[in-house]
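Structure assessment
Letter by letter, the chains look like this.
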There are 2 protein chains.
Amino acid sequence: MRQFVLLAHDVPLDGEFSLDNLAGGAGRLDAICRSITAAFVTSHGIRTDVRVHLVIQDTYTITFDGADLRRLNPDERSTAALVRNALEVREEAIGMLPAEASPGVELYRYGLETVLENVADGTVIQLHEDGESIASVELSALSDPVFVLSDHHDFTDWEATLLAERVARRLRLGPTRLHADQAITVAHHAFDTEGYTRF
Amino acid sequence: MRQFVLLAHDVPLDGEFSLDNLAGGAGRLDAICRSITAAFVTSHGIRTDVRVHLVIQDTYTITFDGADLRRLNPDERSTAALVRNALEVREEAIGMLPAEASPGVELYRYGLETVLENVADGTVIQLHEDGESIASVELSALSDPVFVLSDHHDFTDWEATLLAERVARRLRLGPTRLHADQAITVAHHAFDTEGYTRF
């Protein structure tokens, strides 16, 4: 299982945004959708052993489970529609019980702290330019990696404090600073190739 | 210089498509736009040493030059607008003279054969699951790589014949079959890290 925790700081909590203006009017949801699809899609389908936890304004978390996911296409717009549909049923999420939005998509009424507790069995990894090179680490020792990535904003002080407590490894992917979706693609590739040993 | 030749078989030659329906009504231009942005964008800007040649129905070629490119944002929609703007000035392309669409974007009235002649100084690479592992090749020996990728269709017989004459190397990126934009991201990473040696 590989998991990705994506922090969205500006996506409207009420799901009131136009699918025609994701880059401008929806808190850069275009970029977040690219990260979601990068986590799941391959040329032949969906990675069933992946979960994405999209934390919106530290208030709601939309969890996508590749084992059950349907209707995830690679384009930004249809992925944004899944996010919007989930936000539209947010009132049905009560306590720790999720709202069921669509197959494999659930919305929870909690933020980063609970997400990090829920993934505590995995190895929480922060991608960071000052981290260790991903090629220098025995990836097979990093069981069930959980990558935490922010959107176009840095981690808030609160998020950074939470992360500092939970992060097991800080890894650097390479010499070029990448967008989050590209980093996810490169991280998948590193694990797919078992640390650049199996092509 | 790294170059990417992208073959689009279904994008309408007249540029008559809606930016609101890229996945459905524009020949999967959503996927093509993801490939264009994957070729150019990094977290801090544009790769200036990259060119993309988008060959549409083997009739027009839109060349994006990172050295001059402006207004390329990472989202599908704004990239699709650059493609549409270029197709709208197609009548101004005469003989080998391009139509100037926007900074760094030119439309030419030729197809794959001429594109491959123009990039003949580089090393033409086909990404293929039966190719050599990219990790087994001395990438520094592949000067000025030119990657050729198709859209959701396979290469046509004509394209495959042309390619067979021009391709210097067939490379495999890893065990997982990826979408074209993901393959571009992974190929950049391989070259950025000088064959997984410099992180």
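- As annotated in an unreviewed UniProt entry, chain A carries the name tRNA (pseudouridine(54)-N(1))-methyltransferase and comes from Natronosalvus hydrolyticus.
- In its Subunit (unreviewed entry) section, UniProt records this for chain A: "Homodimer."
- We quote the UniProt Sequence similarities (unreviewed entry) comment for chain A here in full: "Belongs to the methyltransferase superfamily. TrmY family."

**Section: the relation of the copies chain B and chain A**
- Its rotation angle being 180 degrees, the transformation that places chain B on chain A also includes 0.0 Å of axial translation and leaves an RMSD of 0.0 Å. Such a combination of turn and shift is consistent with a two-fold rotation axis.
- An overlap of 100% is found between the interface residues of chain B and their copies at the interface of chain A, pointing to a shared contact surface.

**Regarding the sheet that holds strand 9 (residues 145-150) of chain B**
Residue and element names in this part refer to chain B.
- Taken together, the eight strands give an open sheet; going across it, the order is 6-7-5-4-1-9-8-10, and neighbouring strands pair in mixed fashion. Each edge of the sheet is formed by a strand with only one pairing partner; in this case those strands are strand 6 (99-102) and strand 10 (169-172). Each adjacent strand pair in this sheet contributes to an overall mean axis angle of 30 degrees, direction not counted.
- In this sheet, strand 5 (residues 60-65) lies alongside strand 4 (residues 50-56) in antiparallel orientation, the contact comprising six bridges. Each residue of the ladder has a partner; that of Arg51, found in strand 5, is Asp65.
- Running at roughly 130 degrees to strand 5, helix 3 (residues 76-88) makes contact with strand 4, strand 5, strand 6 and strand 7 (105-108) of the sheet.
- Lying over the sheet, helix 6 (residues 180-192) contacts strand 1 (2-8), strand 4, strand 8 (123-133) and strand 9, oriented at roughly 165 degrees with respect to strand 9.

**Comments concerning the UniProt feature "binding site: S-adenosyl-L-methionine" (unreviewed entry) in chain A**
Residues and elements named next belong to chain A.
- UniProt marks Leu127 with the feature "binding site: S-adenosyl-L-methionine" (unreviewed entry), using the numbering shown here.
- Within the secondary structure, Leu127 sits in strand 8 (residues 123-133).
- With relative accessibility at 19%, the residue Leu127 sits in the buried group.
- Sequence-distant contacts of Leu127, defined by excluding residues within four places in its chain, comprise Phe147, Val148, Leu149, Leu171, Leu173 and Ala183.

**Structural notes on the packing of helix 2 (residues 29-40) of chain B against helix 3 of chain B**
All names here are of chain B.
- Where helix 2 contacts helix 3, the axes come no closer than 9 Å and their chain directions differ by 95 degrees. By the angle between their axes, helix 2 is roughly perpendicular relative to helix 3. Residue-level inspection shows Leu29, Asp30, Cys33, Arg34, Ile36 and Thr37 of helix 2 in contact with helix 3, the latter providing Glu76, Thr79, Ala80 and Val83.
- Here the residues of the contact of helix 2 with helix 3 sort into five nonpolar, two polar and three charged.

**Concerning the side chain of His53(B)**
Residues and elements named next belong to chain B.
- With respect to the helices and strands, His53 occurs in strand 4.
- For His53, a relative accessible area of 8% translates into the label buried.
- Within polar-contact distance, the side chain of His53 engages the side chain of Thr63 at 2.9 Å.
- Each residue touching His53, except ones within four places of it in the same chain, is listed here: Gln3, Phe4, Val5, Leu6, Thr61, Ile62, Thr63, Val115 and Val119.

**A short note on the interface of chain B and chain A**
- Chain B puts 36 residues into the contact, and the matching count from chain A is 36 residues.
- Here chain B and chain A share an interface that buries about 3000 Å² over both sides, 60% of which is from carbon and sulfur atoms.
- Where chain B meets chain A, there are 15 residue pairs in polar contact (both at pLDDT 80 or more).
- For the side of chain B that touches chain A, the secondary-structure elements that each account for two or more residues are helix 2, strand 2 (41-42), helix 3 and helix 6 of chain B.
- Ranked by residues supplied to the side of chain B that touches chain A, first place goes to helix 6 of chain B with five residues.
- Of the residues belonging to the side of chain B that touches chain A, the class tally is 12 nonpolar, 12 polar and 12 charged.

**Section: the pattern of salt bridges**
Residue and element names in this part refer to chain B.
- Within the structure shown, the criterion is met by 24 salt bridges over all chains.
- In this structure, the salt-bridge partner of Arg34 is Glu76, at a minimum N-O distance of 2.9 Å. In this pair, Arg34 sits in helix 2 while Glu76 sits in helix 3, placing the two residues 42 residues apart along the sequence.
- For Arg34, a relative accessible area of 7% translates into the label buried.
- A salt bridge links Glu91 to Arg109; its shortest N-O distance comes to 3.9 Å. Placement of the pair is Glu91 in the loop between helix 3 and strand 6 and Arg109 in the loop between strand 7 and helix 4 (112-118), with a sequence separation of 18 residues.
- When its relative accessible area of 35% is taken as the criterion, Arg109 is described as partly exposed.

About the thresholds
Residues numbered from 1 in each chain as written. Chains lettered and ligands numbered in written order. Predicted model: local features only at pLDDT ≥ 70, side-chain atom pairs only at ≥ 80, totals over all residues. Heavy atoms only, no water. UniProt positions renumbered as here; feature names shortened; annotations may be inferred. Least-squares fit on C-alpha atoms with pLDDT ≥ 70 in both. Contact = heavy atoms within 4.5 Å. Pairing = 2+ DSSP bridges. Helix = DSSP H or I, 4+ residues; strand = E, 2+ residues; numbered from the N terminus. Axes fitted to C-alpha atoms, helices over the stretch in contact; angles between N-to-C directions. Buried < 20%, exposed > 50% of the residue type's maximum accessible area, 1.4 Å probe, protein only. Parallel < 35°, antiparallel > 145°, perpendicular 65-115°, else oblique. Nonpolar A, V, L, I, M, F, W, Y, C, P; charged D, E, K, R; others polar. Polar contact = N/O pair within 3.5 Å; in protein donor to acceptor, adjacent residues only side chain to side chain. Buried area = accessible area lost by both parts, 1.4 Å probe. Salt bridge = Lys/Arg side-chain N within 4 Å of Asp/Glu carboxyl O.

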